[in-house]
Amino acid sequence: MEPTNLAETLHLRLNAENFREQLLAHPKKDSRITSVHIEIANEYFLLIPNTFDSPTFRLGFLEKALGENALVGKEIQQQAIASEDATLIFLVPSDWKDYISAHFAYAKISYTHSLASCLLNNDQQLNLLIQGKLAFASLYQGNKLQLANVFRFESAIELAFYLQSIRDAFSLNWTLYPPLLVAESEEIADASLYQIPYVQS
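Residues numbered from 1 in each chain as written. Predicted model: local features only at pLDDT ≥ 70, side-chain atom pairs only at ≥ 80, totals over all residues. Heavy atoms only, no water.

Among the residues of helix H3 (residues 94–103), Ser 94, Trp 96, Lys 97, Ile 100 and His 103 are the ones counted as buried. Residues of H3 that are buried in the fold lie against strand S2 (9–14), helix H1 (19–24), strand S3 (35–40), strand S5 (74–81), strand S6 (86–93) and strand S7 (108–113). (Buried < 20%, exposed > 50% of the residue type's maximum accessible area, 1.4 Å probe, protein only. Helix = DSSP H or I, 4+ residues; strand = E, 2+ residues; numbered from the N terminus. Contact = heavy atoms within 4.5 Å.)

If you want it as structure tokens, here you go:
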């Protein structure tokens, strides 16, 4: 997602590879920017059904899912996912938040997570969002969410094996329902070479 500046609102998608470059592309402490919407693309998230979500258990769920040291140096953000009656809990590095707050000192700052744009209820369809070396994936079967995951990959062949493992585990028919590459997703390098079937949304 390219940064956009509409009506004094700035939209950025940040990940570990582009963090500094994205921020430095905008003037520091620009008083014209009154709000900044940051979409975080990282693997530190957990989708918790609202019936199980509470501040008391949230930390325990995060530590179980992401590891006991996952919260060190990070702050918790949350995003409601109404279609799933769930809350997407995700972590943002504290130094990022500090740097963003200092850089956009006059702006109201809000955070969302890239996985949310991948949660599309397309039955039997594997939805993919590729951001750098992260592949966010969601899958619905019988109109119920079966998979909401992220996979870090270094090469197209690793991604191909990951997608095939999902296809095999959920008995997907890619002839009828090829993976759907959601809007604003990056192209998959060498997709045709490794027979990664996908269609653009």
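Having seen it, we continue.
Further remarks concern helix H4 (residues 156–170). Relative to the 21 Å expected for 15 residues at 1.5 Å per residue, H4 spans 21 Å between its end C-alpha atoms, a close match to the ideal helical length. Within the span of H4, buried status applies to Ala 156, Leu 159, Ala 160, Tyr 162, Leu 163 and Ile 166. Looking down the long axis of H4, one finds its buried residues gathered within 165 degrees of arc, a one-sided arrangement. Opposite its buried face, H4 presents the exposed residues Phe 161, Asp 168 and Ala 169, each directed more than 90 degrees away. (Expected span 1.5 Å × (residues − 1). Arc of directions from axis to C-beta.)

In this section: the pairing of S2. The two faces of a sheet get side chains in turn, since along a regular strand they alternate between them. Judged by how many residues are buried, S2 sits mostly within the fold: 5 of 6 residues are covered. Relative to S3, S2 runs parallel, the two sharing 6 bridges. When the sheet's bridge partners are listed, Thr 9 is paired in S3 with Ser 35. (Pairing = 2+ DSSP bridges.)

Now for the environment of Gln 200. Structurally, Gln 200 is set in strand S12 (residues 199–200). Sequence separation of Gln 200 and Phe 136 is 64 residues, and the distance between their C-alpha atoms is 15 Å. For Gln 200, the residues in contact, after removing those within four places along its chain, are Leu 180, Leu 181 and Glu 187.

Soluble, globular proteins show a tendency: their nonpolar side chains are buried together. Membership of the largest hydrophobic core comes to 30 residues, with the highest contact counts inside it found for Ile 38, Ile 100, Phe 104 and Phe 136. The set of elements that each furnish at least two residues to this core consists of S2, H1, S3, S6, H3 and strand S9 (134–141). Counting residues in each nonpolar core, the second largest holds 19 residues, with Leu 139, Leu 147, Leu 181 and Ala 191 among its members. (Core = buried A, V, L, I, M, F, W, Y, C linked by side-chain atoms within 4.5 Å.)

This brings us to the sheet that holds strand S4 (residues 45–49). With antiparallel pairing, 3 strands are arranged side by side in an open sheet as S4-S6-S5. At either margin of the open sheet sits one strand with a lone partner, and together these are S4 and S5. Geometrically, the sheet is characterised by an average inter-axis angle of 25 degrees between neighbouring strands, direction not taken into account. Pairing geometry for S5 and S6, over 8 bridges, is antiparallel. Counted as the bridge partner of Gln 78 is Ile 89 from S6. Running at roughly 130 degrees to S4, helix H2 (residues 55–66) makes contact with S4, S5 and S6 of the sheet. Against the sheet, H3 makes contact with S5 and S6, and its axis sits at roughly 80 degrees relative to S6, the strand it touches most. (Axes fitted to C-alpha atoms, helices over the stretch in contact; angles between N-to-C directions.)

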